[in-house]
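# Residue-level structure breakdown
Residues per chain, in single letters:
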Amino acid sequence: MSPTPCIALHEVRCAAEGRVLLEIDRLTINHGERIAIVGHNGAGKSTLLRLLSGFLPPSHGQIEVLGHSLSQPLPGADLRALRVELGQVMQGLHLVARLSARENVLIGSLGRVTGWRSWTRYFPAHEVSRAEAALQAVGLLPHAQTRADKLSGGERQKVAIARLLMQGPRLILADEPTAALDPSAAAEVCQLLVKAAAEATLITVVHNPALLPLLAERVIGLKNGRIAFDLPVAAVNDEKLLNLYRPDAAQENPLSSNDSRTTMELPCPGTA
Amino acid sequence: MRLASVLSDRALGPFSGRLGFLGLALIYLVLIAACLGSLAQEGELSLGRNPIANLLKTAGEFARPSFLDVWFGNPNLEYRSDDGILLRAENRQTVEMDYLAGLGRATWTTIRIATLGSLLGALLALPLAVLTARNLAAPKLLAWLAKGVLDVARSIHTLVFGLVLVGIVGLGPTAGILAIGLHSMGTYGKLFAEAIESLDMAAIDAVRSVGAGPVQVFFNAVWPSVLPQFVSSHLYIWEFNIRDSTILGLIGAGGLGLLITEATSLFQWGRLSTVLLVVIALVVSFDALSRRIRMALA
């Protein structure tokens, strides 16, 4: 346990369009932890990740991530400084479709490489060899010159992980990194992700309980925007998960229960 | 879904639904009848006195393009007056050879007009496209102004621009270049704006997520996804402009159009046929080339 935690949330509340998306009294995550976040659709999983990555400021409360306070929207330069240390693997397979796998991996070095080299994508030789090593690590070196939109879903996710290796972040946020993958590819991507996070804190949103032991030591269950449980992975059993995913009128969000029909039709920003 | 259909019902008013389509079809039929009927009443629907004979005569001359004379022409064609005095003798082969050389120069002029005009149009359109692209959210007033300029440019024909410009900058290729540039600016602006609007936001997020600054985001995400579309539209309109600039000679901008005017006003269908063959070859080969490049970029 290090003296300053990697992430600290205190009385955080996040609301949009009259609906409470997330309400967390206290949450601390230490450096090097492996966390999985589970919960039903709209439980606030993605909202939590967006809060942590500084995409979304909280309506109320204090958030500290890697020493940056995110309670107020960060100025651009600070936000970029945070993102350099923060690796993200997103649901939508976020790659630049028209660039090759290698160039996509090299994007991970943009925090270090600045000026004309980063504009012309003429990266220094040591960064290029590092990118190739990263591609080697995920087994995609033969596809280094292939354009990202010609790769399969699993390969793209591996490129995103190679980009993480390139970036070398202290905190990795992964939002359902295996959502579009078949089971064997999903397991492989999870293993690579954990390997990439060897020296970082890893927070993953997962749906598939089978992947929990691969990805996490600690599991946080979210229900209706609140933490339902926060347990070591060994203590999470089927019953707890079933409870988490079961619709539960008694614990319905007080604001949304007033008029569930309108809130259902509302576009909910940041819900998975 | 329901909201959208309600809105579109309201917007289309009486023209929605099956009855509405029938109504539209009826209006269209009435319009056609009005066009045909009024032309017939004014006696403007005639095909001339002997269309078939004229067609055969013209087609016959077309079928013998003048460039064949370079090999098959009479080397000593004599022009005599009615009483048999020799007025002039010419070598058809050298005459047509010279004509071909002129044709080559005119083709080069046409290519120059189209190429420079297209580049001018593209450069003029770029800032306007940035202003009109909806996802970049430029100030409303500027966006409207830019859209207005593009719409006006697109709706005025190159030929009309050319006629006006010949009056301003005089006869010659400059007028042609400016005319092509101003008209195609409208089309470029529309296509460029669409390319910007279809920007891959996931790519931008990907680059942003590693802490890249705005300039880095531009060069690593925006540029690679927009550039191929820009190049592809550029080639497409360039090709279109090669075709368009062949007509600009009609108004004195030079190039192939000048030869077309000359040949038509002298009823030299053989020469017109030669010029048109060059135009076709030019357009077809440029089309093949640009399609190759566009496919390589896709």
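The rules behind these values
Residues numbered from 1 in each chain as written. Chains lettered and ligands numbered in written order. Predicted model: local features only at pLDDT ≥ 70, side-chain atom pairs only at ≥ 80, totals over all residues. Helix = DSSP H or I, 4+ residues; strand = E, 2+ residues; numbered from the N terminus. Buried ≥ 20, exposed ≤ 12 C-beta atoms within 10 Å, placed from the backbone. Contact = placed C-beta atoms within 7 Å. Axes fitted to C-alpha atoms, helices over the stretch in contact; angles between N-to-C directions. Parallel < 35°, antiparallel > 145°, perpendicular 65-115°, else oblique. Left-handed = near helix turned anticlockwise from the far one by under 90°. Nonpolar A, V, L, I, M, F, W, Y, C, P; charged D, E, K, R; others polar. pLDDT = per-residue confidence, 0-100. Pairing = 2+ DSSP bridges.

### A look at the overall build of chain A
- Broken down by element type, chain A carries 11 helices and 10 strands.
- Of all 272 residues assigned to chain A, the portion counted as buried reaches 44%.
- Taking all contacts inside chain A whose residues are at least 6 apart in sequence as the whole, residues at least 24 apart take part in 69%.

### Looking at the packing of helix H5 (residues 92–132) of chain B against helix H8 (residues 173–197) of chain B
Residues and elements named next belong to chain B.
- Following both chains from N to C, one finds H5 and H8 inclined at 40°, their axes separated by 5 Å at the closest point. With respect to H8, the axis of H5 lies oblique. Where H5 crosses over H8, the handedness of that crossing is right-handed.
- Residue classes in the contact of H5 with H8 are distributed as 19 nonpolar, nine polar and one charged.

### Looking at the confidence of the model for chain A
- Of all residues in chain A, 89% have pLDDT values of 70 or greater, and the mean over the chain is 80.
- Here residues 249–272 of chain A is modelled with pLDDT under 50, and outside its nearest four sequence neighbours on either side it reaches 32 contacts, counting other chains as well.

### Focus on the interface of chain B and chain A
- Counting from both sides, the interface comprises 19 residues of chain B and, opposite them, 20 residues of chain A.
- Elements with a contribution of two residues or more to the side of chain B that touches chain A: helix H9 (201–209) and helix H10 (214–248) of chain B.
- Per element, the largest residue contribution to the side of chain B that touches chain A is eight residues, and it comes from H10(B).

### What about the sheet that holds strand S7 (residues 171–175) of chain A?
Residues and elements named next belong to chain A.
- Here six strands make up an open sheet; going across it, the order is S6-S7-S8-S3-S9-S10 and the pairing mixed. Looking along the sheet, the strands with just one partner apiece sit at the ends: strand S6 (86–89) and strand S10 (226–232). With strand direction ignored, the average angle separating the axes of adjacent strands in the sheet is 15°.
- As paired elements, strand S3 (residues 34–39) and strand S9 (residues 218–223) share five bridges and run parallel to each other. Directly across from Gly39, in S9, lies its bridge partner Leu222.

### Remarks on the sheet that holds strand S1 (residues 7–16) of chain A
All names here are of chain A.
- Taken together, four strands build an open sheet; the order of strands is S2-S1-S4-S5 and the sheet is antiparallel. A strand with exactly one partner marks an edge of an open sheet, and here the two such strands are strand S2 (19–29) and strand S5 (68–69).
- Judged from the two bridges that link them, strand S4 (residues 60–65) and S5 form a sheet pairing that is antiparallel. Bridging from a neighbouring strand, Val65 pairs with His68 of S5.

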